[in-house]
Amino acid sequence: MFLLDSSSDVTLENFEKQKGFVKSLLRWFGVSRGKATASLTSYGNRPRNVFDFDINRLPSDYDRLVDRTTQVGGNRRIDRALEDVRRYFAKSPPNKPRVLVLFAGGRQVNETEAKSPEKAGKALRELRVHIYFVTVGSTVKRTELRQALERTGKVFEVSSFENLWRIHIPLSKSIIQG
């Protein structure tokens, strides 16, 4: 499962770079009909599911669906995105790998009702979801994200969206090794 950061401070150009990176990962992992499957949610102030897991999709279906993904806008609410995707993993077979790749182009907004990513990620950890954070720029609170992982998953850091390609192989290998 992929969570794209489409909050208001992510430019359209940088949002498109995230989408291109996700399409590249989908091809690299061989996501296609009858084999592996994927899901995509775009988040800003609230999460918006773009497509669910579906074993019958062709690779071209994934490309088309990712291309059609639009920005949500609003403040960056990582907590809401993490809480929302929990329901998808709760329905997935426990014997299948559960992997989440979340992109964050900055720190979560500090709103009164906002939970820390650590608290929001707890329910996912209980479902044995491996969380991989892809952080972009220097404003992300990486220590808070690392606490959300609790020994499962990893934080990958890049200085800008145009540098996402630099983590393609390390991220892919880390996901495969679990």
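It should be noted that the structure appears before, not after, this text.
This one's a predicted model, so the numbers in the text were calculated from it and none came from an experiment.

Colleague: Break down the pattern of salt bridges for me, citing the residues and quoting the values.
Modeller: One pass over the full model with this rule turns up 13 salt bridges. With a shortest N-O distance of 2.5 Å, arginine 76 and aspartate 5 are connected by a salt bridge. Highlighted residues: arginine 76 in the loop between α2 (59-67) and α3 (78-91) and aspartate 5 in strand β1 (residues 2-5), separated in sequence by 71 residues. Since its relative accessible area comes to 0%, aspartate 5 is described here as buried. One salt bridge in this structure joins lysine 17 and glutamate 13, with 3.3 Å as the shortest N-O distance. Here the residue lysine 17 and the residue glutamate 13 both occupy positions in helix α1 (residues 12-28), the gap between them amounting to four residues, near one helical turn.

Colleague: Any details on the packing of α1 against α2? Residues and values, ideally.
Modeller: In contact at an axis separation of 10 Å, α1 and α2 are set at 165° when each is read in the N-to-C sense. Between α1 and α2, the interaxial angle falls into the category roughly antiparallel. In the crossing of α1 with α2, the sense of the turn from one axis to the other is right-handed. Along its contact with α1, which presents Lys19, Val22, Lys23, Leu26 and Arg27, the element α2 presents Tyr62, Asp63, Val66 and Asp67. Its residues assigned to classes, the contact of α1 with α2 comprises four nonpolar, no polar and five charged.

Colleague: Lay out the packing of aromatic side chains with the relevant residues and their values.
Modeller: All chains considered together, the criterion is met by three aromatic pairs. Consider the rings of phenylalanine 21 and phenylalanine 103, whose centres lie 5.9 Å apart with planes at 90°: the pair is edge-to-face. Of this pair, phenylalanine 21 sits in helix α1 while phenylalanine 103 sits in strand β4 (residues 99-104), placing them 82 residues apart in sequence. Overall, the relative accessible area of 6% leaves phenylalanine 21 in the buried class.

Colleague: Explain the sheet that holds β4 to me, and be specific about the residues and the numbers.
Modeller: The strand order β3-β2-β1-β4-β5-β6 describes an open sheet built from six strands, whose pairing is mixed. Because the sheet does not close on itself, it has two edges, and the strands there are β3 (47-51) and β6 (154-158). On average, adjacent strands in this sheet sit at an angle of 20° to one another, irrespective of strand direction.

Calculation criteria
Residues numbered from 1 in each chain as written. Predicted model: local features only at pLDDT ≥ 70, side-chain atom pairs only at ≥ 80, totals over all residues. Heavy atoms only, no water. Salt bridge = Lys/Arg side-chain N within 4 Å of Asp/Glu carboxyl O. Helix = DSSP H or I, 4+ residues; strand = E, 2+ residues; numbered from the N terminus. Buried < 20%, exposed > 50% of the residue type's maximum accessible area, 1.4 Å probe, protein only. Axes fitted to C-alpha atoms, helices over the stretch in contact; angles between N-to-C directions. Parallel < 35°, antiparallel > 145°, perpendicular 65-115°, else oblique. Left-handed = near helix turned anticlockwise from the far one by under 90°. Contact = heavy atoms within 4.5 Å. Nonpolar A, V, L, I, M, F, W, Y, C, P; charged D, E, K, R; others polar. Phe/Tyr/Trp six-rings, centres within 6.5 Å; stacked < 30°, edge-to-face > 60°. Pairing = 2+ DSSP bridges.

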